[in-house]
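Overview (structure and organization)
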Amino acid sequence: MKICIIGIGYVGLVTATCFADLGNSVWCVDNDQDKVDLLNRGQIPIYEPGLDELVNKNYFAKRLKFTMNLNLAVKSSDIIFICVGTPSLKKSRSPDLQFVFEVATEISKYIKKFKIIVNKSTVPVTTGDKIEQLISKKIKKELFEVVSNPEFLREGDAIRDFRFPDRIVLGTNNKKVLKKMVSLYDPLIKKGAKLFTTNRRGAELIKYSSNAFLATKVSFINELANLCENSDIDVEDVALGMGLDQRIGARFLRVGPAYGGSCFPKDTKAITVMGDQFRTNLSIVKSVIKSNEKRKKLLTKKIEKILSNKVKNKKIAFLGVTFKANTDDMRESSSLTMIPTLSKKGAIINYYEPTGEKNEFSRLNNVTFCDNISTACLKVDLIIIHTEWNEFKAIDFKKISKNKKLKIYDMRNLYSPHKMNKQGLSYYSIGR
Ligand code: UGA
């Protein structure tokens, strides 16, 4: 099929590449000249495992093309995907929809024959209706149909999530359009992906409620971890014991510092605004947001406690600073609260991050990027495991730190407390 993807961010690039890999002819459009040039030179602007090779494979097979020419891309496609960002507005909990509406207005200039316009950007309920109204002002309603098709791709696992989705959600009441969309996704459906169809507003809400529910699950287990720490119970046992109940499920019950990223924080806020707009108090999600915010401070306090509340001149190594492993994304990472607070209190911080140095810390006092684990950890008082990269899972702490009084704070529970204590290491983790 001939498709076009507008917006070459995480979602747009992964979606475009994976559709091309299924044999479709895909135009990728972005108004960022540098990004388009970079991709046309065979380099990719984001870190996503496996994406590099897949982009190049499909680019050379001429199934994947990058351009700034929206007219050409729209003209050459039957299905147009909107995949632009919807970041939170500054000083507001609402998402900024200007890019979505700009794209809708722009494409309407170039539609001369029937096109399916698929919105993949995460947008509040009724946005599909608004896109339809906007385009209807420029062209006849017979020339287009707006469908909602939310994405459920995790950064770091995006290719796998595209290829083996738990479900594909399509929001439209138009049977002919649905048939065409189903045939686009047919290779995935044949491999076992479940298809779920509903109306457009329903699909829009499924996206937000899924992220809000997952964020709730994560916050729930994180709060239980606090209880476990005070009651001598291992939270890992609680998570396993709960997760075995199929009504609950084991996934997204891994404890951690506080959820972050570009999606959970933004989407939990947005769904509460949506609730307020429809005069519905989503009090559970509101308390999840508060709980998660508190957690960043709570864990920073715990770091101070581990250092006997004497942070000044203490040497701390952070392993991983992004919001989770397998991504270079710093958005809403809990390290953005922890590192500046500790630096202000006089700590001397090294950090190692597999995806490289981060601008966010470049102006902080005594915060140094190290390009390997050994340098970061040498002679430090405390090692903090902040994300769960594989390379953090089998470290010989004694050898690497050369400090007999070393303390370790494992925020992802990668190590066994029993084994660590047996080695004589002063080991702290989450909820156990
Ligand atoms: C999330 C959703 O999982 C995707 O389905 C969705 O498509 C995406 O948002 C989006 O809306 O675009 P992502 O933000 O990439 O994906 O990351 P997740 O793997 O969901 O993790 C989010 C946060 O929760 C991270 O900080 C992670 O460390 C934390 N988390 C996740 C836990 O602390 N414990 C868990 O068990 C799972």
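These numbers come from a predicted model, not from an experiment.

This part covers the overall build of the chain. Along its length, the chain carries 16 helices and 14 strands. The C-alpha atoms of the chain give a radius of gyration of 23 Å, which matches the 22 Å a tight globule of 432 residues would have. Out of the 432 residues belonging to the chain, those deemed buried represent 51%. Taking the intrachain contacts of the chain between residues at least 6 apart in sequence as the baseline, contacts between residues at least 24 apart amount to 71%. Accessible area of the chain: about 20800 Å², with a carbon and sulfur share of 52%.

Another aspect to go through is the packing of aromatic side chains. Aromatic ring pairs are described here by two measures, namely the spacing of the ring centres and the angle between the planes. Throughout the structure, instances matching the rule amount to 12 aromatic pairs. Clustering of aromatic rings is evident, with ring pairs tying together Phe 19, Phe 81, Phe 162 and Tyr 185. The ring centre of Phe 144 lies 4.7 Å from the NZ or CZ of Lys 141, which sits over that ring.

A word on the environment of Val 103. The topology assignment puts Val 103 in helix H5 (residues 98-108). For the pair Val 103 and Leu 70, spaced 33 residues apart in sequence, the C-alpha separation works out to 9.5 Å.

Moving on: helix H3 (residues 51-60). Looking at H3, one finds that the buried residues are Leu 51, Leu 54, Val 55, Asn 56 and Asn 58. As for H3, its buried residues are in contact with helix H1 (10-21), helix H2 (33-40), strand E3 (64-67) and helix H7 (158-163). Remark: Lys 62 follows H3 within two positions and exhibits a positive phi of approximately 65°.

Parameters and conventions
Residues numbered from 1 in each chain as written. Predicted model: local features only at pLDDT ≥ 70, side-chain atom pairs only at ≥ 80, totals over all residues. Heavy atoms only, no water. Helix = DSSP H or I, 4+ residues; strand = E, 2+ residues; numbered from the N terminus. Rg over C-alpha atoms; globule rule 2.2 N^0.38 Å. Buried < 20%, exposed > 50% of the residue type's maximum accessible area, 1.4 Å probe, protein only. Contact = heavy atoms within 4.5 Å. Areas by Shrake-Rupley, 256 points an atom, 1.4 Å probe, with all protein chains shown as cover. Phe/Tyr/Trp six-rings, centres within 6.5 Å; stacked < 30°, edge-to-face > 60°. Lys NZ or Arg CZ within 6 Å of the ring centre and 35° of its normal.

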